Amino acid sequence: MAWKKREAGAAGGRAQALWEFLRIRNTGSAVATNGGSAVTGYVHSLTVNTTTVREGAGPREPAHWPQNVGTVPRPSIGFQARAEAAQLRSFLDDGSDTGATGLVLSGLGGVGKTQLAADYARTVWREGKADVLVWVDATDRSAVLDTYAHAGEMLCRADKRERDRAAEMFLEWLEESPGRPRCRWLVVLDDVVDPGDVDGLWPPPHAQGRTLVTTRRRDAALVGEGRPRIDIGTFTPDEATAYLITALGESETAAHPAQAAALAHDLGCLPLALSQAAAYLVDAGQGIADYRALLADRTHTLADAAPDSLPNGQKAAVAATWSLSLERADRLRPVGLARPILCMASMLDPNGIPQAVLTSAPALEYLALARTHTRPGEAPAMDGPTDRPGAPTAQEAALALRAAHRLSLLDHTPDDHVKTVRVHQLVQRTTRDSLSAEARGHLARAVADALMAAWPERELDTPMAQALRANTAALSNVADDAALYSGGVHRVLYRAGRSLGESGRFSAAADHFRALHDKAVHHLGVDHPDTLAARNNLASWRGEAGDAAGAADAFAELVSDRRRVQGPDHPDTLAARHNLAHCRGESGDAAGAADAFAELVSDRRRVQGPDHPDTLAARHNLARWRGEAGHTAKAAAALAELVAIQLRVQGADHPNTLAVRHSLARWRGELGNPVGAAEALTKLRADQLRVQGADHPNTLAVRHSLARWQGELGNAVEAAEALTELLADQLRVQSPTHPSTLAVRHSLARWRGEAGDAAGAAKAFATLVSDRRRVQGPDHPDTLAARHNLAFWQGEAGDAAGAAEALADLVSDRCRVQGSAHPDTVVTHQEALAWAERAKSAVVPGAEDHLRLRRRSARRWG
């Protein structure tokens, strides 16, 4: 038996020893002399065992520090020192104070997470704050293990050919060891694609060690104790503009400074897009304006705006950056819904989409049709069993949003008021570019249906209404007109315009319907019912915006065209006549309005019947304009009769019945019975609260009227207190600029004056005039009325000359806007003369004169 050692070569040039053990048994006799070998006659059995020992295997003494493993990306041209960089340093550099030994940078692909991490790594290395820096391209588990094994070889002399063991040795080496000199290390895991890829591979918590992760994922598995997450957004507008100036050179941006800021806006301040846009401009020798035109051209895709060679070592153009994330999101539960729900979101407002739109019934129908099913050979859901195909539920649609959120394809905030969804505009553009024209058309109609389904009939939720309007505008901007106008104007476009008007933005509503009408003419023709409907809405909101005379002219033309196209008895023709009569009254011709409504009531009775809601509405308006024309008793009698009919036909709690009761109370008060008016409105307020609720606009309007008649009874202080409470509710429910809010402020100012504070009333009206000019325009009737009251209370406060001068100026403006014969112009002229006479004679008016002027002013503008 003997051991023998011999040297042998090894792969990689490392020497290895072969120890051979030989055992020979049951041989014959053997004789050896002079140190020679013994030779027997035979060998019964021979056993040879060979053991290989690799020299240098196993842990050695650590390598000298500092050591850098992996390649830290170089800074991009025009790198910006962002606020997030300071936030990153505060977390990691002060880890002993914050308890953080790690940090996860999460965000949409292209926001600059890797550049931020690299900047931190370079800074730490340059300042000597790390002894060991390991940069890991963590796109998959194999890449992580490879880098860990390489680090294990360099730092603890592990054999990287045994990769898993070498990686394990590296992680063990990162642990604190009492017998080893203190080592400050930083491990960066860049671009973690799947949380499972780093399961079991997290660097250990260490007082002197830090772990920095960049990822598009927002899974809970990536964060933990001592490892919080920071969501990285895009550049700020200033950072984005500064980047372009640096990347393009001042010669280009100095000539067109506004264009650089505009391009940054066009690209959503996304760092990756800005970088590639700069490269394209330099390579193509184009100006910023040309590039912006290319982006805006719908015949081109985002890929057409990418440079031929990507800058700064980038791996993908903007258009392809999010494809892998989308594929992974689509494979999360519920399988196949992330892609189609992102398609829907791509057609809407990037700044905020209510979740209710994306989980509405039409949205679910679209998701069922467009659901991406697992293809043959493709892996099933990554985090659970494959979902069974079928129509998704609203809960599944919400989970699809969460799946896309986890991959940073969108931001979903389920805790805010409308569960807002936000998507970067370039993610939207890329998603739309991937669809055929036919698919985009189908998608646009589905999204329009979804918006309509989410839109409440009564807009008591102002933020929701604003969001729905913004999303409808976004859809109109990105959808082909044919999708929303082919065969007829989609009703969501009418709903958005109506919402604008009901929110008090009368001029914006008129502009909306003007644009809608022009497109309807182009796609449908001048006589199409939808085109005529657009004209009807345009005229209506034009009147609400203050141009009652112009609205009346427009309605006169519309009535003529509807008679020609649809016939004299068509409901739409009768509706146009109704609006025409109303605008005549608002333009100052109360008697003419009453006559027109009398004719309309007769025709509606003949065509629609005496109890039809439209007939009853015409009778309501007939009574109103008879009262405005001076026939107060007739108005009150007609309304009393109409209340009885309303109770029989539509019931006590119908909104129309409540509205007629409101009008009846007013005209009883105007007839000289303020006590009866106040009592009727007190009862009506209780019914409004029960039927429509405290925040309904009609309930607020009844409270407004009740305060007025309380004041007319002599309770000016009580009226002012009631209006102060009402104003707080108006501000909460509607908005500071809503016409109803402004009207309450108007009344409150008046009753403060009536309560004895003339100077305070004048001050309040001065502020109101300014706000009405800003919101409604200088020529709106309500603005003119506020000016009239301002002048009146200036006079009441002792400045008769100032009141006369202000009213004289107002007469001039009323003549220009409303005409010299308009009743408001006549009253203003009379009061201007009265105040001028007082200023001239310096006579203090008596109580009777005060009362006469106040009543005359209040009747029209109080």
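Reading guide: rules and limits
- Residues numbered from 1 in each chain as written.
- Predicted model: local features only at pLDDT ≥ 70, side-chain atom pairs only at ≥ 80, totals over all residues.
- Heavy atoms only, no water.
- Helix = DSSP H or I, 4+ residues; strand = E, 2+ residues; numbered from the N terminus.
- Buried < 20%, exposed > 50% of the residue type's maximum accessible area, 1.4 Å probe, protein only.
- Contact = heavy atoms within 4.5 Å.
- Areas by Shrake-Rupley, 256 points an atom, 1.4 Å probe, with all protein chains shown as cover.
- Pairing = 2+ DSSP bridges.
- Phe/Tyr/Trp six-rings, centres within 6.5 Å; stacked < 30°, edge-to-face > 60°.
- Lys NZ or Arg CZ within 6 Å of the ring centre and 35° of its normal.
- Axes fitted to C-alpha atoms, helices over the stretch in contact; angles between N-to-C directions.
- Parallel < 35°, antiparallel > 145°, perpendicular 65-115°, else oblique.
- Left-handed = near helix turned anticlockwise from the far one by under 90°.
- Nonpolar A, V, L, I, M, F, W, Y, C, P; charged D, E, K, R; others polar.
- Core = buried A, V, L, I, M, F, W, Y, C linked by side-chain atoms within 4.5 Å.
- Polar contact = N/O pair within 3.5 Å; in protein donor to acceptor, adjacent residues only side chain to side chain.

Chemist: How should I be thinking about the overall build of the protein in this particular structure?
Modeler: Counting secondary structure elements, the protein contains 38 helices and 11 strands. The buried share among the 862 residues of the protein stands at 48%. Here the analysis covers contacts within the protein between residues at least 6 apart in sequence; of these, 66% occur between residues at least 24 apart. As presented, the protein carries roughly 39,600 Å² of accessible surface, and 51% of it is formed by carbon and sulfur atoms.

Chemist: Teacher, can you tell me more about the pairing of strand 8 (residues 209-215) here?
Modeler: Strand 8 sits mainly inside the fold: 7 of its 7 residues count as buried. In strand 8, alternate side chains face the same way, and those of G209, T211, V213 and T215 on one face and R210, L212 and T214 on the other are all buried. Pairing geometry for strand 5 (residues 102-106) and strand 8, over 5 bridges, is parallel. Note that in strand 8 the partner of V104 across the bridge is V213. Two elements, strand 7 (residues 185-192) and strand 8, share 6 bridges in a ladder whose sense is parallel. Counted as the bridge partner of W185 is G209 from strand 8.

Chemist: What is the right way to look at the packing of aromatic side chains in this model?
Modeler: Pairs of aromatic rings are described using the distance from one ring centre to the other and the angle between the two planes. For the structure on display, the rule yields 8 aromatic pairs. Aromatic side chains F506 and W541 sit 5.9 Å apart centroid to centroid with 15 degrees between the ring planes, which places their arrangement in the stacked category. Note that F506 is positioned in helix 22 (residues 506-524) and W541 in helix 23 (residues 529-544), a separation of 35 residues in sequence. The residues F506 and W541 share a single accessibility class, namely buried. By way of ring pairs, the aromatic residues F792, W793 and W835 are connected into one cluster. Cation over ring: R624 sits above W625, and NZ or CZ is 4.0 Å from the ring centre. Stacked on the ring of W835, the Lys or Arg R838 has its end atom at 4.6 Å from the ring centre.

Chemist: Would you mind going over unusual backbone geometry with me for this structure?
Modeler: Apart from glycine, the bulk of residues carry a negative phi angle, and the bulk of peptide bonds sit in the trans form. Residue R333 is joined to P334 through a cis peptide bond whose omega torsion reads -5 degrees. As for its placement among the helices and strands, P334 is situated in the loop between helix 12 (323-330) and helix 13 (338-345). Despite not being glycine, C269 shows a phi value in the positive range, around 60 degrees. For C269, the location among the structural elements is in the loop between helix 8 (257-266) and helix 9 (271-284).

Chemist: Can you walk me through the packing of helix 26 (residues 590-608) against helix 27 (residues 613-628) in this structure?
Modeler: The axes of two packed helices give the description: the angle between them and the distance between them. Direction vectors running N to C along helix 26 and helix 27 enclose 160 degrees, while the axes themselves pass 8 Å from each other. Comparing the axis directions of helix 26 and helix 27 gives the class roughly antiparallel. In this structure, helix 26 meets helix 27 at a crossing whose hand is left-handed. Residues A590, A593, A594, F597, A598, L600, V601, R604, R605 and Q608 of helix 26 lie in contact with helix 27, whose contacting residues are D614, T615, A618, R619, N621, L622, W625, R626 and E628. A class-by-class count of the residues in the contact of helix 26 with helix 27 yields 10 nonpolar, 3 polar and 6 charged.

Chemist: So what exactly am I meant to see when it comes to the nonpolar core here?
Modeler: What tends to happen in soluble globular proteins is that the nonpolar side chains get buried as a cluster. L105, L212, M344 and L475 are the most contacted members of the largest nonpolar core, which totals 114 residues. The leading source of residues in this core is helix 18 (residues 437-454), at 9 residues. The next biggest cluster of nonpolar side chains, apart from the first, holds 31 residues, and it includes V136, L145, F170 and V192.

Chemist: How should I be thinking about the side chain of H424 in this particular structure?
Modeler: Structurally, H424 is set in the loop between strand 11 (420-422) and helix 17 (425-433). For H424, a relative accessible area of 15% puts it in the buried group. One polar contact links the side chain of H424 to the main-chain amide nitrogen of L426, over a distance of 3.0 Å. Leaving out residues up to four positions away in the same chain, H424 has contacts with L108, T234, L267, G268 and L270.

Chemist: Explain the environment of G501 here, please?
Modeler: Note that G501 resides in helix 21 (residues 491-502). Linking G501 and A545, residues 44 residues apart in sequence, is a C-alpha distance of 9.1 Å. Among residues more than four places away in sequence, those in contact with G501 are F506, A509 and W541.

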